[in-house]
Amino acid sequence: MCYNVNDFFEERSDVMGIFSKIFQSKEKRKNAQKYKIGMEKTRTSVLGNLQALLISSNKIDDDLFDELEEIFIMADIGVDTVIKIVDHLRNQVEINKISKPGDLTDMIVDEMFQLYVRDEIVSSNLDIQDGRLNVVLFVGVNGVGKTTTIGKVAHQYKERGKKVMMVAGDTFRAGAINQLRIWSERVGSLFFAKEAGSDPSSVMFDAIQYAKEHNVDVILCDTAGRLQNKTNLMKELEKIHRVIEREIEGAPHETLLVIDATTGQNGLSQAKIFHEVTKITGIVLTKLDGTAKGGIVLAIRDELNIPIKYIGLGEGLDDLEYFDIEEYIYGMFSDVIE
Amino acid sequence: MAFDNLSDRLQMSLRRVTGKGRLTEKDIEEMMREVRLSLLEADVNFKVVKQFTKKVKEQAMGEKILKGLNPGQQVVKIVHEELKQVMGDKAEPLTFKDSGLTSFMMVGLQGAGKTTTAGKLANLLRKKEVKKPLLVALDIYRPAAVEQLVTIGEQLSIDVFEKGIDEQPVDILKQAIEYAKENGHDLIVCDTAGRLHINEELMGELKAIKAILNPDEILLTIDAMTGQDAISVATSFDEQLGITGAILTKLDGDTRGGAALSLREVTNIPIKYMGLGEKLDQIEVFHPERMASRILGMGDVLTLVDKVTENIDENDMMSMMEKMMSGSFNYDDFIKQMKWIKRMGSLGGLMKLIPGMNKMTKNMDIDDKQLVHVEAMIQSMTKKERKNPKLIEQSSSRRRRIAQGSGKKVSDVNRLIGSLEQQTKMMKQMSKMDPNKIDPNNPMGSLPTSGQQKQKKGKGKNKNRFRF
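Residues numbered from 1 in each chain as written. Chains lettered and ligands numbered in written order. Predicted model: local features only at pLDDT ≥ 70, side-chain atom pairs only at ≥ 80, totals over all residues. Heavy atoms only, no water.

Caption draft 1: Highlighting the overall build of chain B. Along its length, chain B carries 22 helices and 8 strands. Relative to its 468 residues, chain B shows a buried fraction of 55%. Pairs at least 24 apart in sequence give 73% of the contacts found in chain B among residues at least 6 apart. For chain B, the exposed surface amounts to about 20,300 Å²; the carbon and sulfur share of it is 49%. (Helix = DSSP H or I, 4+ residues; strand = E, 2+ residues; numbered from the N terminus. Buried < 20%, exposed > 50% of the residue type's maximum accessible area, 1.4 Å probe, protein only. Contact = heavy atoms within 4.5 Å. Areas by Shrake-Rupley, 256 points an atom, 1.4 Å probe, with all protein chains shown as cover.)

Caption draft 2: View of the packing of helix H12 (residues 266-277) of chain A against helix H13 (residues 296-304) of chain A. Residues and elements named next belong to chain A. In the contact formed by H12 and H13, the axes pass within 9 Å of each other and the chain directions differ by 40 degrees. Between H12 and H13, the angle falls in the class oblique. As for how H12 packs across H13, the hand of that crossing is right-handed. Along the contact surface, H12 presents Gly 267, Leu 268, Ala 271 and Lys 272, while H13 presents Ile 296, Ala 299, Ile 300, Glu 303 and Leu 304. (Axes fitted to C-alpha atoms, helices over the stretch in contact; angles between N-to-C directions. Parallel < 35°, antiparallel > 145°, perpendicular 65-115°, else oblique. Left-handed = near helix turned anticlockwise from the far one by under 90°.)

Caption draft 3: Quick peek at the sheet that holds strand S7 (residues 271-275) of chain B. Residue and element names in this part refer to chain B. Spatial strand order, S3-S2-S4-S1-S5-S6-S7-S8: 8 strands in an open sheet with mixed pairing. Edge positions in the sheet fall to strand S3 (159-161) and strand S8 (283-285), since each of these pairs with one other strand and no more. Recorded for the sheet is a direction-independent mean angle of 25 degrees between the axes of neighbouring strands. Pairing of strand S1 (residues 102-107) with strand S4 (residues 187-191) involves 5 bridges; the strand directions are parallel. Across the sheet, Met 105 pairs through a bridge with Cys 190, a residue of S4. Most of the contacts of helix H9 (residues 200-213) go to S1, to which it runs at about 170 degrees, and overall it touches S1, S4 and strand S5 (217-223). (Pairing = 2+ DSSP bridges.)

Caption draft 4: Layout of the nonpolar core. With 165 residues, the main nonpolar core has Ile 219 of chain A together with Phe 237 of chain B as its most contacted residues. Sort the elements by how many residues they give to this core and helix H7 (residues 104-117) of chain A lands first, with 9 residues. With sequence-adjacent residues up to four places away left out, Phe 237 of chain B is seen in contact with Val 107, Gly 108, Leu 109, Arg 195, His 197, Met 203, Leu 206, Leu 220, Gly 242 and Ile 243 of chain B. Within the second largest apolar cluster, 23 residues are counted, among which are Ala 174 of chain A together with Ala 137, Leu 187 and Leu 219 of chain B. (Core = buried A, V, L, I, M, F, W, Y, C linked by side-chain atoms within 4.5 Å.)

Caption draft 5: Structural view of the interface of chain A and chain B. Contact residues are listed per partner, giving 46 residues for chain A and 38 residues for chain B. Each partner contributes to the roughly 3,600 Å² buried at the junction of chain A and chain B, and carbon and sulfur atoms together form 52% of this total. Our count for the contact surface shared by chain A and chain B stands at 1 salt bridge. Here Lys 230 of chain A and Asp 252 of chain B are joined by a salt bridge, their closest N and O atoms 2.6 Å apart. Where chain A meets chain B, there are 13 residue pairs in polar contact (both at pLDDT 80 or more). Looking at the side of chain A that touches chain B residue by residue, the class counts come to 13 nonpolar, 19 polar and 14 charged. (Buried area = accessible area lost by both parts, 1.4 Å probe. Salt bridge = Lys/Arg side-chain N within 4 Å of Asp/Glu carboxyl O. Polar contact = N/O pair within 3.5 Å; in protein donor to acceptor, adjacent residues only side chain to side chain. Nonpolar A, V, L, I, M, F, W, Y, C, P; charged D, E, K, R; others polar.)

Caption draft 6: Spatial organisation of the packing of aromatic side chains. Residues and elements named next belong to chain A. Evaluation of the coordinates by the stated rule reveals 5 aromatic pairs over all chains. Ring geometry for Tyr 116 versus Phe 323: centroids 5.2 Å apart, planes at 55 degrees, classification tilted. On the criterion of sequence distance, the pair formed by Tyr 116 in helix H7 and Phe 323 in the loop between strand S8 (320-322) and helix H14 (325-337) is long-range, its members being 207 residues apart. For the pair Tyr 116 and Phe 323, one class covers both residues: buried. A ring pair is formed by Phe 192 and Tyr 210, whose centres lie 5.8 Å apart and whose planes are at 50 degrees; its orientation type is tilted. (Phe/Tyr/Trp six-rings, centres within 6.5 Å; stacked < 30°, edge-to-face > 60°.)

Have a look at this one:
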């Protein structure tokens, strides 16, 4: 997408400060509670550092910027994105002749907000429409939580009265099919599987035929975890995608890349390569209930323009939230703003 | 293999130095900034990065280097030594009881790869240490986790003790220990549920398991792709349980694996093994010094030698070498060679081990499937053709027939012919080399240069030739 740095800065001066006002509203704070809990460690360790740093600094100088850089890197925000953020901040400080470190707080929050929103309306809703068979494909490396996420998403749509079917596309990993089956029993959704070792594309094909015949609203397709540098496995995924595309026009309506919040810079490589193979429409950031910072999502948005749809905050059926950048940043910075 | 990008970055920053006769302070500053950035990009913990660059800088700034004959090489050496130090000096072995029942306990976050690694480890130790292992399924929380371990056990023909998910892990464990003693097992490997290090309840469960098992090793399984959080995870598990070693998984990805660098330095937990794929034999001893070489793109000749000797009969190897040297290398030998490579693991992984090859493999799409294609083409040849490669070279109808027979294009067959030729030529040249002059750190460097393909060869295995 086209992104002009100068335009960005001109508009930004209006945006400045508005953002912290947004957070004055009580309702926002309430909604942000879950994020806060999930990101407790992030706030206290990394961003607590930020506050301490800003308070303890007498002036804005190179040392301060270096330390800012470090704090962002500790949050696993991509190195390039961090450099970009810090460069913008330097510019802003110069243009607006800011000298008090405390004044940086709003700027930093706004910076990250703009970085994500990019003057667009970013929706976390999935493209699920009435009157058609909706296909959502879940992809990602091994062990990120694809199957668990499918369970949670299925639950969400089931609650909304949709006829949901899970498709066991991970025919490789031992126990993967049964893992999904157990989730489908918990949720009370339909479940489609063939025997272990089947060609995943054929599983998808048969599942789609079945779904068409039985008027299913949403099918959620699991796939085997694969590292993005495995050529053959990525080709297999390409084929899965192609088969779905061929059977239903415009499908898969969503292809979600599941990323573990503990992932470091490799998350960017994952997003890049999976995006090349199957056009990724959104990210699900899992395991944000740990101490992981999940900052890599900002880099992914910054470099690849892929929005984050959901965040996973635990192992229960309800532990899935729509991603909301305001709440996300609020969760990170609330100490600084208050 | 991991660290590709890190080694590229370091090589880039060091190249500037390598070309120079003398270093200025500014050179070193600039280089250290590159080193710092690339380490951070590799997910090395920032505290480790700070210490690392500081130490390297101090040493590089010393008199010795500035007055040295080849300062560039010395800096590379300093960085290498320092990397080695950070990761621990040598491979740390697992601890076994002299007699009786040895027990290991696998712990870690969700999705790190505990269950797969438990299977891999049991399989490896059965072979290497002649143990009779028992896998114990204590993950009663994740759906189908027990079934996963049972399936792995079936694949490996290793006993798995499980009681489903209705009993508490501690109770299952007690029965498992009895079972192991009754059935003559001398090694227990316990798979536990993945959990967050901040989940007190589940950490309490691990403590209870530890109290009953009294394990010889508590192994933290950690994903090589983990970011800055790796340290807090490891520290927390260590404080609560006393971790004796770490196993780094998913190192076959393109992650730079900075966690490996930081883990030992910050937490003092040695990394004992590393997981390199989804297959159950893809586990290797973690060698810090080899890893350091790999990071710097210096290759890993030692691992290659290990792999070769483990998988190939020496006599076979010698007769193959003789054939190559004499120039009578044919397609039968070619296919035999490929089978060796297959036995040793993935082609891409193997190539990374060869000094100088690391960078070349980057843009090459190395695909183990290519081996299958080559095999198909060779199998479409007549016995005569395989023995006498000239027949194919001279006849386009033979080439066409082979292409059709193997479902490939004639151009693919031509490329295969080229590969064989190159390899024969290459071996002839190698036979003229003086073995004493081969630099162990850079065997590629001692090859006589003629022809542009030359630099891409390694170890007579002629790997890049399979590029189609």
